[in-house]
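# What the coordinates show
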Amino acid sequence: MSGSGATGIAAAAILDLHPAPADMRQLVIEGLSRSPKQLPAWFLYDAEGSRLFDLICQQPEYTLTATETALLEQEAPAITAALGPGTMVEFGAGSARKVAPLLQALAQPAYVALDISAEHLEAACTRLQGQFPEVPILGVCCDYSQLGALPEHPLLSGTAHLGFFPGSSLGNFEQAAARTLLAQFRRLLGPGGKLLIGIDQPKAVERLEAAYDDAAGVSAEFALNLLRRLNRDLAGNFDLEAFAYRAIWKPEHSHIEMALVSQRAQEVELAGQVWAFEAGEALITETSAKYSPTAFLELASSAGWQGAERWSDPAGDLSLHLLVQAD
């Protein structure tokens, strides 16, 4: 869709390439048949889950968002100079708030946002277009991990593609899947494409666990909302009071593991089947890996990238890596 509003500002264009709905029932059966039980992390992000995640990012213990935003604002001139000209392509754009300093610093900015949620995508692009009325903006509703190629569009034709993947979202993927995703970005961005990616780094265990188990209980509510969604969408009968939230650092995997732990032996009906939970058994809701700069660059290298530049906050909590394609 495109057009002009009453202010005369052109509306951001939206392309709908949304994939066919996932077979949620089958994914639940597969996930609950695993040991330990684990469901896809995207199950957490219904409308209420997305609202709660935005609230998590505002909690004092969860410093990643504020740290990365400040780093982007401070280093935007240097970052955009290193990126060079081209169209910014953000993977999993969400609210698309972190790209603003880059659009402001680019000489001739153009922006393409890829996200699975059409509602969030349209709202983000509309807000951003109002903030930057002269910047050409395109939203593409899609599953970027399964996309065969970027769509044909004037913003993506005859220009370099500058990938943007902030928020340390790569950490939500197991290492093999993270490598596959980085290789997918390389294919989508094409020859000469670059990738700016935010990576959260290991730090004190107490800080890491607090970031994912805030004192206000928002992280716990975010996880428990998964059970509400399963009850609603797949005729489940989870008793939310029979599960407790837990976030623990797993040093052997260099990741935080978030889970809902059964407080007693129980059976739950879901997706037309009965599932037994032992007392103390965990249902893993998501993981978040943390990479040192060296470990991340080794992973990136295995997917066909090489490091060109790195920017970090003074405390060394987070890095922004600029990757270029290896020969």
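Residues numbered from 1 in each chain as written. Predicted model: local features only at pLDDT ≥ 70, side-chain atom pairs only at ≥ 80, totals over all residues. Heavy atoms only, no water.

Take helix H2 (residues 47–56) next. Listed in full, the buried residues belonging to H2 are Gly49, Ser50, Leu52 and Ile56. Buried positions in H2, seen along its axis, are confined to an arc of 165° and lie on one side of it. Those residues of H2 that are buried are in contact with helix H5 (118–131) and helix H8 (218–233). (Buried < 20%, exposed > 50% of the residue type's maximum accessible area, 1.4 Å probe, protein only. Helix = DSSP H or I, 4+ residues; strand = E, 2+ residues; numbered from the N terminus. Arc of directions from axis to C-beta. Contact = heavy atoms within 4.5 Å.)

Let us now look at the state of the cysteines. Scanning the entire structure with this criterion turns up 0 disulfides. Cysteine Cys57 shares no disulfide, and the gap to the nearest cysteine sulfur, in Cys125, comes to 19 Å. In this structure Cys141 is not part of a disulfide, and its nearest cysteine sulfur, from Cys142, lies 7.0 Å away. (Disulfide = S-S within 2.5 Å.)

This paragraph deals with the packing of H2 against H8. Orientation of H2 relative to H8, taken along the N-to-C sense of each, is 165°, at an axis distance of 9 Å. Classified by the angle between their axes, H2 and H8 sit roughly antiparallel to one another. The way H2 lies across H8 gives a crossing that is left-handed. In this structure, H2 contributes Glu48, Gly49, Leu52, Phe53, Leu55 and Ile56 to the contact, and H8 contributes Val218, Ser219, Glu221, Phe222 and Asn225. Its residues assigned to classes, the contact of H2 with H8 comprises 6 nonpolar, 3 polar and 2 charged. (Axes fitted to C-alpha atoms, helices over the stretch in contact; angles between N-to-C directions. Parallel < 35°, antiparallel > 145°, perpendicular 65-115°, else oblique. Left-handed = near helix turned anticlockwise from the far one by under 90°. Nonpolar A, V, L, I, M, F, W, Y, C, P; charged D, E, K, R; others polar.)

What follows deals with the confidence of the model for the protein chain. Across the protein chain, the average pLDDT comes to 93, with 96% of residues at or above 70. Below a pLDDT of 50 lies the segment residues 1–9, which in the model reaches 12 contacts outside its immediate sequence neighbourhood of four places, other chains included. (pLDDT = per-residue confidence, 0-100.)

So, on to the sheet that holds strand S5 (residues 137–141). In spatial order, the strands read S1-S5-S4-S3-S6-S7-S14-S13; together these 8 strands make up an open sheet with mixed pairing. Either end of the sheet is taken by a strand with one partner, and the two such strands are strand S1 (13–16) and strand S13 (305–312). Across the sheet, the axes of successive neighbouring strands diverge by a mean angle of 20°, strand direction being ignored. Alignment of S13 against strand S14 (residues 318–325), held across 7 bridges, turns out to be antiparallel. Of the residues in S14, the one forming a bridge with Gln306 is Val324. Lying on the sheet, H5 is in contact with S1, strand S4 (111–115) and S5; it crosses S5 at an angle near 175°. On the sheet, helix H9 (residues 293–302) packs against strand S7 (194–200), S13 and S14 and is oriented at approximately 25° with respect to S14. (Pairing = 2+ DSSP bridges.)

It is worth spelling out the nonpolar core at this point. Core analysis: the largest hydrophobic core is formed by 71 residues, its most contacted members being Val28, Met88, Tyr111, Leu230 and Leu270. Of the residues forming this core, the biggest block, 8 residues, is contributed by H8. Setting aside residues no more than four positions away along its own chain, Leu270 makes contact with Val28, Leu32, Leu230, Leu234, Gly236, Phe238 and Trp275. (Core = buried A, V, L, I, M, F, W, Y, C linked by side-chain atoms within 4.5 Å.)

Attention now moves to helix H3 (residues 64–83). It helps to recall that an α-helix has 3.6 residues per turn; residues three or four apart then point in one direction. Under the 1.5 Å per step criterion, the end-to-end length of H3 is only 23 Å for 20 residues, more than 12% shorter than the ideal 28 Å. Along H3, the sharpest kink reaches roughly 70°, centred on Glu75 and followed within four residues by the proline Pro77. Residues Leu64, Thr65, Thr67, Glu68, Leu71, Leu72, Glu75, Ala76, Ile79, Thr80 and Leu83 constitute the buried set of H3. Residues of H3 that are buried make contact with strand S3 (87–91), helix H4 (100–105), strand S6 (161–165), S7, S13 and S14. (Expected span 1.5 Å × (residues − 1). Bend = angle between axes of the 7 residues up to and from the residue.)

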